[in-house]
Amino acid sequence: MRYPDSRICMEGHANALALSKDNTLIAVAGRSLLKVYSIDDYGFREVCNMRGGKNQNLSYSSNDVAWSTMDCNLLATAATNGVVSVWDHSKCGRQKQLLVYNEHERTAHTVTFHSSEPNILISGSQDGTIKCFDIRSDKSVNTYFSNSESVRDVKFSPHEQNIFSAVSENGTVQLWDMRKWDKCMVQFTAHYGPVYTCDWHPTRKWLATGSRDKQIKVWDMEGRPGLEYTIHTIAVVGRVKWRPERTYHIASCALVVDYSIHVWDIRRPYIPFASFNEHTNVTTGIAWLGSDSHCLLSTSKDSTLHKHAFEDATRPALKANAQGASLDRYGDISFANKIKEYAPKTSGVSNTKTSSSFINRRKSIVSGSIQFHLDHSRMYKFMLKDAFSGFPLSETDSKPRQEHECFIGCARELIMSGKKIAELCEHNSEVSKKYSKHNATTLWNFLKLFYGSNHFEPPFEHRSSFSNQKNPINSRRATQVASDWPQQRSDLSQDLNGNAQEATHEIAATNEDDDPLGGSGVEHPPTSSVILSETQIISEITFDNFELLRNGFIYVGPTEAAKALAFPALHHDVQAARPQLEIKASDHEKSPPPHVPTVLKVSHVPPIPMWEPHKFVADALMLLNDVGDVQTALTVIIALGEARKLLPLEDALVEHWFHTYVDQLHRYELWNEACEVINRSWLQSVQQLNQHSTAMHTNCGDCGRPLGNKVGWYCDKCKSMQSAKCCVCGLIVRGVYAWCQGCSHGGHIEHLQKYFAKHSKCPKCGHLCAYS
C-alpha cells in the first residue's frame, strides 16, 4: 500500500536528511535548502524554514544534517565552507542559528551527535581532521588527525559510549576513543577506493562501509577487524543504513548513475532483496522511520522527499534469470540452474497426508521474505580437453597450448629493451613462433628487416629521395649512379626503336635545365630514363628512401614527369599491364637494333600512390588489436623505442593499449611484468599507475598499534624498537625488511626464506604467514 501524500516537492536539491528522536520530525538540508517537516499518517507538512531572511551566507549551504539524540529542538549542519552550525528550530528568525564553529579549513562533509551525551557532536572535513564540539563552548574541545586527505563520514558506536568510527578517501577505516585524541585505536584498509559512508549495526558489533569500488563491506569489529560479508553493487555507494529488526538487511543508495534505493540481504550479495524506484535523480539521503522496518524515508537531487512502504517495493530476484553460464580463462564452462521441487510420484492411491505435508513444506521454503537468502541451485562444470583446445602445436610442444598459457609465456619471455632493434625483433620472433603466434612472428621478422638497419637508429633523419637531389655529387647514392653514367651513355644514346637522335636531344635538354653549375661539364644521367641495374637497386635503394618505392616501382626524376622502373625483386610485367599497339606492316621487315639495353624507358606515367611502410606497420598493429592481441601490438611499440614516433598512431589509442595490457597482466597476477610495462611508458597517465595506493600502514608486532610516527619502527605505546628486529635472529634489520601484514612480524629476507622452507607458522607468534 502507498501512503497518502507520501511525496513532497521542495524548492531545491537535498543533500541529506535526519530524523528527530521521537520520529515525528524530519530535517532536510541542501545547498539552498534547510527545512523541517512533520511526519504523520497523512504525509509531510512543513514546520520551519531555517533559511528564512535576507542575510544568508555559505554557512547555510549544507552537506549533512544531524538531529540531537536527546533534544528534539537541536540540529547540526556541516557546510560547504567548513562551518559547523548548531540550530534550534523552536526559536524565531536569526536566533535559530545558536552556534557557528568555523574551525575546519576546508569543506565539512559530515556531522553527528553523541548517542548519550546531548552536548557532544563531532564533524569530519576535507582537511583530514575530526573536530569534537561541546555546544556549551564556542570552540572545539578536541581535534583528531586522521592522516588522510579527507574524512567522509563519522559515526558513534551504539555499543561503546566513547568509540566512534571514521572513514576516509584513502580507503581506510579508523576507530577512535574520544578520550585519546593523539592516536586512533584501530586502523585498517577496507576498500581499494575512497570510502564515502559507514553505519553501525544496532545489535551486533558490525560496521558497514560503502566505497567508490561499488562494494558494501560488513566488518566484525569484535577484537581485530575481520571481513564478514561483501555486497557487490552496480554503482558508487553513497549512503548505507541498517534496517531495524532485520539482522541481515541493509539499505543503500548510489552516489552517481543509479537512482534506485536497494535493500540487501548480506547473505545474498549479488541481487537486491527489494528496490524502490520512485526517484528520478540520484538519491542523497535515506533513513528508516524509527523502529518501523516497513517505512523508508528518502530524499534526492530531484527535489523530492519520499515515504516508501516496503510492501510496494519491487523484488528484483523475481525477475532474474534462474540459470546462467560462465566461461573462465582456461576455456572451461560452468552452468548453474535452479532446482525445482516436485511432489514424489506415488503408485495407486495417493497419500493425502504426505502430499499435503510436502505442499506445506514447499510453501514454507519459497514463500515469505525470510527465506530470500536460501538459494537452491545445481552447478555443472564442463572441462575443456586438450585435444579440442583449438590451438596449433608449436615445433617443441607435445600437446596444444591454451590461450592463457601463450599469453603468460609471451609476457614473461618477450623483451622490450636492452638490445638493438634487430636483436629484439629476432628474439621476439622466436618467442612468438614458440607459442604458435604466427602473425606476430611474421610482423617481428618484417620489423627486423625494416627497422633493423642502421638508417633507423637514432637520430632519425628523414632522407630525401633521388627526385629531390639536385646535385648528384652531394649524395653518395647519386654520385655512384652518375659515375656509372659515361660507361652506359653509348648504349643509352638509342631508345628501344634504335632512334639515337631523339635521345641525344633529350639528354642535351636535360643537361641544360638541371645543371646547377651552369654548364660546368659535369654530365648527369637523363631524367627521362632509369639507369640503375638490379645490383645497384638492391645495394643502393634502402627503405629510408621509401618515396622512391610505389607499388613495386622505383621512381627517378621530377614528380610531374615521373619515370619508372619495374622493381626486379617484385617481378612486375609492365608490358602486360598496358595495351599493345598494332604493329605496322613496314615494321615487320625491320630487325631489332643490336645491344638493346636491359632497361625500360617510359616517357609519361600517371602518378601512383606511394607505399608508406610506417602506415603499413601501424595498420598491422591496429589489426592485432582488433583480433585481441594487444600484447604484441604494445610490445612492438615499446621495442621500437624512438622509432615509434614514425608510426601514425594517436597517443589516446596507445594509452588505451597500455591500460588494457596492464589490466590483463594484473588479472594473471604478473605483477613484475606489469611494472616493467608501466616503467617503459612515456605517457604520464600510465606512469602514474605505480603511484596509486602505494602507502603501507605498519603496526607494532607486540601491541598491534599503528606506527604512525616519524621514527621508523619505534612504537610510542611500547616505547621500544622490537618491531625493527628480525623474528628469527633477533637482530635489528638493516636494509630490505620482509614484513607480514597479518601478525606484524618480519625480519631479514634470507632468514625468513630458510625458516619458512621448513615451517609454515611465524616463529614468534605462531601466525600462519603467507610469504610467497
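Summarised in this report is the structure supplied together with it. Computed from a predicted model, the values in this text were never measured in an experiment.

Analysis parameters
- Residues numbered from 1 in each chain as written.
- Predicted model: local features only at pLDDT ≥ 70, side-chain atom pairs only at ≥ 80, totals over all residues.
- Heavy atoms only, no water.
- Helix = DSSP H or I, 4+ residues; strand = E, 2+ residues; numbered from the N terminus.
- Buried < 20%, exposed > 50% of the residue type's maximum accessible area, 1.4 Å probe, protein only.
- Areas by Shrake-Rupley, 256 points an atom, 1.4 Å probe, with all protein chains shown as cover.
- Patch = residues over 30% accessible without salt bridge, like charges linked within 9 Å, V, L, I, M, F, W, Y side chains within 5 Å.
- Salt bridge = Lys/Arg side-chain N within 4 Å of Asp/Glu carboxyl O.
- Pairing = 2+ DSSP bridges.
- Axes fitted to C-alpha atoms, helices over the stretch in contact; angles between N-to-C directions.
- Contact = heavy atoms within 4.5 Å.
- Expected span 1.5 Å × (residues − 1).
- Arc of directions from axis to C-beta.
- Parallel < 35°, antiparallel > 145°, perpendicular 65-115°, else oblique.
- Nonpolar A, V, L, I, M, F, W, Y, C, P; charged D, E, K, R; others polar.
- Disulfide = S-S within 2.5 Å.

1. Some words on the overall build of the chain
Step number 1: Helix and strand content of the chain: 15 helices and 36 strands.
Step number 2: A total of 772 residues make up the chain; the buried ones form 44% of that total.
Step number 3: Accessible surface computed for the chain: about 42,000 Å², of which carbon and sulfur atoms make up 51%.

2. Some remarks on unusual backbone geometry
Glycine aside, the phi torsion of most residues is negative, and most peptide linkages are trans.
Step number 1: Phi is positive for Ser 303, close to 65 degrees, though the residue is something other than glycine.
Step number 2: Of the residues examined, Ser 303 reaches a relative accessible area of 14% and is grouped as buried.

3. As for a nonpolar patch on the surface
Step number 1: On the surface, a nonpolar cluster with roughly 400 Å² of combined accessible area is contributed by Leu 327, Ile 333, Tyr 380 and Phe 382.
Step number 2: Within the secondary structure layout, Leu 327 lies in strand S29 (residues 323–327).

4. Notes on the pattern of salt bridges
Step number 1: Following the criterion strictly, the structure yields 15 salt bridges and no others.
Step number 2: The shortest N-O distance in the salt bridge between Asp 134 and Arg 136 comes to 2.8 Å.
Step number 3: Arg 179 serves as the salt-bridge partner of Asp 177, at 2.9 Å between the closest nitrogen and oxygen.

5. Here's the deal with the sheet that holds strand S20 (residues 215–220)
Step number 1: Read across the open sheet, the four strands follow the order S18-S19-S20-S21; overall the sheet is antiparallel. Each of the sheet's edge strands pairs with one partner strand only, and the pair in question is strand S18 (195–200) and strand S21 (226–232). If you compare each strand with its neighbour and ignore which way they point, the axes differ by 20 degrees on average.
Step number 2: Relative to S21, S20 is paired through six bridges, and the arrangement is antiparallel. Across the sheet, Trp 219 pairs through a bridge with Leu 227, a residue of S21.

6. Brief notes about the side chain of Thr 197
Step number 1: Summarising the element assignment, Thr 197 is placed in strand S18.
Step number 2: In contact with Thr 197, other than residues within four places in its own chain, are Asp 153, Val 167, Ala 208, Thr 209, Gly 210, Val 237, Gly 238, Arg 239 and Val 240.

7. Describing helix H10 (residues 613–626)
Step number 1: Taking 1.5 Å of rise per residue, 14 residues should cover 20 Å, and H10 covers 20 Å from first to last C-alpha, within 8% of that figure.
Step number 2: Looking only at H10, the buried set comprises Pro 613, His 614, Val 617, Ala 618, Ala 620, Leu 621 and Leu 624. One side of H10 carries all its buried residues, which in axial view fall inside an arc of 155 degrees. Summarising the geometry of H10, the exposed residues directed more than 90 degrees from the buried face are Leu 623 and Asp 626.
Step number 3: Each element contacted by the buried residues of H10 is listed here: helix H5 (438–451), helix H11 (630–640) and helix H12 (651–667).

8. Topic: the packing of H10 against H11
Step number 1: For the pair H10 and H11, the least separation of the axes is 7 Å and the interaxial angle reads 150 degrees. Judged on the interaxial angle alone, H11 and H10 are roughly antiparallel. For the pair H10 and H11, the contacting residues are Leu 621, Leu 624 and Asn 625 in the first and Val 630, Thr 632, Ala 633, Val 636 and Ile 637 in the second.
Step number 2: Classifying every residue of the contact of H10 with H11 by side-chain character gives six nonpolar, two polar and no charged.

9. Concerning the pairing of strand S7 (residues 74–79)
Every other side chain in a regular strand lies on the same face of the sheet, so the side chains alternate between the two faces.
Step number 1: S7 sits mainly inside the fold: six of its six residues count as buried.
Step number 2: Neither face of S7 is open: one carries Leu 74, Ala 76 and Ala 78, the other Leu 75, Thr 77 and Ala 79, and all of them are buried.
Step number 3: Of the pairings in the sheet, the one linking strand S6 (residues 62–67) to S7 comprises five bridges and is antiparallel in character. Bridge pairing in S7 links Trp 67 to Leu 75.
Step number 4: Taken together, S6 and the strand that follows it, S7, pair antiparallel across an intervening segment of six residues.
Step number 5: Across five bridges, S7 lies against strand S8 (residues 84–88) in antiparallel orientation. Residue pairing in the sheet places Ala 78 in a bridge with Val 84 of S8.

10. Quick look at the sheet that holds strand S5 (residues 43–49)
Step number 1: An order of S2-S3-S4-S5 is seen for the four strands of this open sheet, with the pairing classed as antiparallel. Bordering the open sheet on either side are strand S2 (16–19) and S5, each of which pairs with just one other strand. This sheet shows a mean twist of 30 degrees between the axes of neighbouring strands, independent of strand direction.
Step number 2: Of the pairings in the sheet, the one linking S2 to strand S3 (residues 25–30) comprises four bridges and is antiparallel in character. When the bridges of S3 are listed, Ala 18 appears paired with Ala 27.

11. Brief notes about the state of the cysteines
Step number 1: Per the counting criterion, the structure on display carries zero disulfides.
Step number 2: Looking at the unpaired Cys 410, the closest cysteine sulfur is the one in Cys 406, lying at 6.5 Å.
Step number 3: Not engaged in a disulfide, the cysteine Cys 729 finds its nearest cysteine sulfur in Cys 726; these two sulfurs lie 3.8 Å apart.
Step number 4: Using a relative accessible area of 33% as the deciding quantity, one classes Cys 729 as partly exposed.

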